[in-house]
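Next come the chains, spelled out residue by residue.
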Amino acid sequence: MEAKHVAVYAATGCRGCENTILDIGFQVNSPGRLARFVFWPYLLGSRLEDLEKTAEIDVTFFTGAIRTEEDEIAARRLREKSKIVVSFGACAAFGGMPGLLNLQQESDPPAVSFDEAAPLPGLRDRVDSLHQIVDVDYFVPGCSPPVNYTWTILQSLVCQSSSSARMSFAASRLPQRIARSVLSGVLPPAGSVFAGERGVCASCGRLKEEKSFTSLKRIDRFEPDPLRCLLEQGLLCQGIATREGCGGLCTGAGVACRGCFGKAEAIYDAGAKMVSAIASTFDTTDAGEMEKIAEMFVDLAGAFYRYTAPAECALLHPPASKQEAGRESEAAEGAAGA
Ligand code: SF4
Ligand code: SF4
Ligand code: SF4
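Once a new chain begins, its residue numbering starts again from 1 and follows that chain's sequence as written. Chain letters start at A and ligand numbers start at 1, both assigned in the order the entries are written. Given that this is a predicted model, residues contribute local features only at a pLDDT of at least 70 and side-chain atom pairs are listed and counted only at 80 or more, while totals for whole chains, interfaces and linings are drawn from all residues. Side-chain numbers here rest on the full set of heavy atoms in the structure, without hydrogens or water.

Caption draft 1: Broad picture of the overall build of the protein. Here a helix means four or more residues in a row that DSSP labels H or I, a strand means two or more in a row labelled E, and each is numbered from the N terminus. On a plain count of helices and strands, the protein comes out with 14 helices and seven strands. Per-residue accessibility, obtained with a 1.4 Å probe over protein chains only, is compared with the maximum for each type, and a residue is labelled buried under 20%, exposed over 50%, and partly exposed between these values. Counting only residues that meet the buried cut, the protein has 48% of its 338 residues in that class. Throughout, a residue-residue contact means that at least one pair of heavy atoms, one from each residue, lies within 4.5 Å. The long-range share in the protein, meaning contacts at least 24 apart out of those at least 6 apart in sequence, stands at 70%. Note on areas: these come from Shrake-Rupley sampling with a 1.4 Å probe, and a residue is covered only by the protein chains present in the view. Total accessible area on the protein is roughly 17,100 Å²; 53% of this is exposed by carbon and sulfur atoms.

Caption draft 2: Spatial organisation of the confidence of the model for the protein. Residues at a pLDDT of 70 or more form 84% of the protein, whose mean pLDDT is 84. Scored from 0 to 100, pLDDT reflects the predictor's confidence in each residue. Considering each helix and strand of the protein separately, the mean pLDDT is smallest for helix H14 (residues 322-337), with a value of 45, and largest for helix H5 (residues 90-94), with 98. Note that pLDDT drops below 50 for residues 330-338; the model gives that stretch zero contacts with residues more than four away or on any other chain.

Caption draft 3: Spotlight on the site of ligand 1. Any residue with a heavy atom positioned within 4 Å of a molecule or strand is treated as near that molecule or strand. All residues in the neighbourhood of ligand 1 are listed as Gly13, Cys14, Gly16, Cys17, Ala90, Cys91, Gly142, Cys143 and Ser144. At the level of elements, helix H1 (16-27) and H5 are the ones that each hand at least two residues to the shell around ligand 1. Of the residues that constitute the shell around ligand 1, the class distribution is five nonpolar, four polar and no charged. Residue polarity follows a fixed list, in which Ala, Val, Leu, Ile, Met, Phe, Trp, Tyr, Cys and Pro are nonpolar, Asp, Glu, Lys and Arg are charged, and the others, Gly among them, are polar.

Caption draft 4: Quick peek at empty space enclosed by the protein. For cavity detection a 1 Å grid was placed over the protein atoms alone, and a set of points counts as a cavity when a 1.4 Å probe fits there but cannot get out; an open set counts as a pocket when protein lies on both sides within 12 Å along at least five of seven lines, with lining residues being those that have an atom within 4 Å of a point. Grid points are joined across faces, edges and corners, and a volume is the space filled by probe spheres set on the points. Taken as a whole, this structure holds one cavity of 30 Å³ or more when the rule is applied. Considered as a void within the structure, the largest cavity measures approximately 60 Å³ in volume. Surrounding the largest cavity, 14 residues form its lining, Gln238, Gly259, Ala270, Phe304 and Thr308 being those nearest its centre.

Caption draft 5: Up close: the pairing of strand E3 (residues 57-63). The element E3 is extensively covered by neighbouring structure, given that seven of its seven residues are classed as buried. A strand pair is defined by DSSP finding two or more bridges across the two strands. Bridge count between strand E1 (residues 4-10) and E3: five bridges; the pairing is parallel. Paired with valine 6 across the strands is valine 59, a residue of E3. In this structure, E3 lies alongside strand E5 (residues 82-88), joined through five bridges in parallel fashion. Bridge pairing in E5 links phenylalanine 61 to valine 86.

Caption draft 6: Summary view of helix H8 (residues 176-184). When we look at burial in H8, the residues that qualify are Ile178, Ala179, Ser181 and Val182. Summarising the axial view, the buried residues of H8 lie within an arc of 160 degrees, below the 170-degree limit, and thus occupy one face. Opposite the buried face of H8, by more than 90 degrees, sit the exposed residues Gln176, Arg180 and Ser184. One or two positions beyond H8, positive phi appears at glycine 185, with a value near 80 degrees. Here the arc refers to the set of directions running from the helix axis out to each C-beta atom.

Caption draft 7: Fine view of the nonpolar core. Of all hydrophobic cores here, the largest spans 55 residues; its most connected members are Phe61, Phe62, Val86 and Val158. At seven residues, helix H6 (residues 147-159) tops the list of elements feeding residues into this core. Here the limits of each domain have been adopted from an automatic or database domain assignment. For this core, the domains that each give at least three residues are domain 1 (4-102 + 122-184) and domain 2 (200-312). Beyond its immediate chain neighbours, meaning those up to four positions away, valine 158 contacts Lys4, Val6, Ala35, Val59, Phe61 and Ile153. Only buried Ala, Val, Leu, Ile, Met, Phe, Trp, Tyr and Cys residues count toward a nonpolar core, and they belong to the same one when joined by side-chain atoms within 4.5 Å. Formed by 22 residues, the second largest nonpolar core is a distinct cluster that contains Cys229, Leu230, Ile278 and Phe304.

This is the structure in structure tokens:
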């Protein structure tokens, strides 16, 4: 079988997603044998200009959010050149933590001040996820995506193999329609998310007792009961609203879910779901008491859309469609060239 041509690109992020792909290489050597990495700035020192000379790419794994002008140019060029584009990790899939910028109000002071003499990349006014800029074929959420899903998507898109036990393990956590494709060696439907559909709560083993939410606790000042639901103990766990698939990596370790898989399939807006879930457990009808509890929550938008503000926050202006973004970009390029 001819080796697939694979590209990996990091836009604005922390490079953790790329390291997840590298972790695969250390655990098993199949991707290295069956794929030819033809464009990967981090590993191969490739430059965007090199894309002109690069043969057609079979699969691009795009990590990071679209924050700089260069991120956007890279996204468009890689899309043009690639048969399949995968939005890999929370930053690419939802805008990730760089996307918190979109919650900034005009009246807020700048979060950082730059040394004007330092060479900075051209910054865009807002942060976008990859699919807000170009068409995306598949999504792998997570910050960073778990190795099992990374392995599964590499196997199904790049190696086209379904032989390993690890593959079956990961597929067992995928929605049936994707798992069937993966295990039978055919490409899953375009737009598939390599993760579960329900909320993290569905696969969390912690005991829920329908207890009231009476006070907000901080993990650095509180040792939670190892068996009981963290939300019911006062930790801001977002498992109710977050897509399952990680197997409760954080909750299993006693840390509240922070939503890095994005919203669960049936949820319209994760922040609204969390507010309603918590408010419905307030054990009082007294407005003053309620206000006191509500005051414990600082920066709710930052907490509930920590990874997803650009793509999934219904409170923000709807993002520009890809077509509109494309027209704006063409107009800007035309103006620059005039
Ligand atoms: S999703 Fe997480 S690990 Fe990946 S680039 Fe963004 S911050 Fe880093
Ligand atoms: S809220 Fe969190 S701790 Fe509670 S059941 Fe859901 S995922 Fe588990
Ligand atoms: S528990 Fe939540 S924050 Fe932790 S890995 Fe899973 S989805 Fe991400």
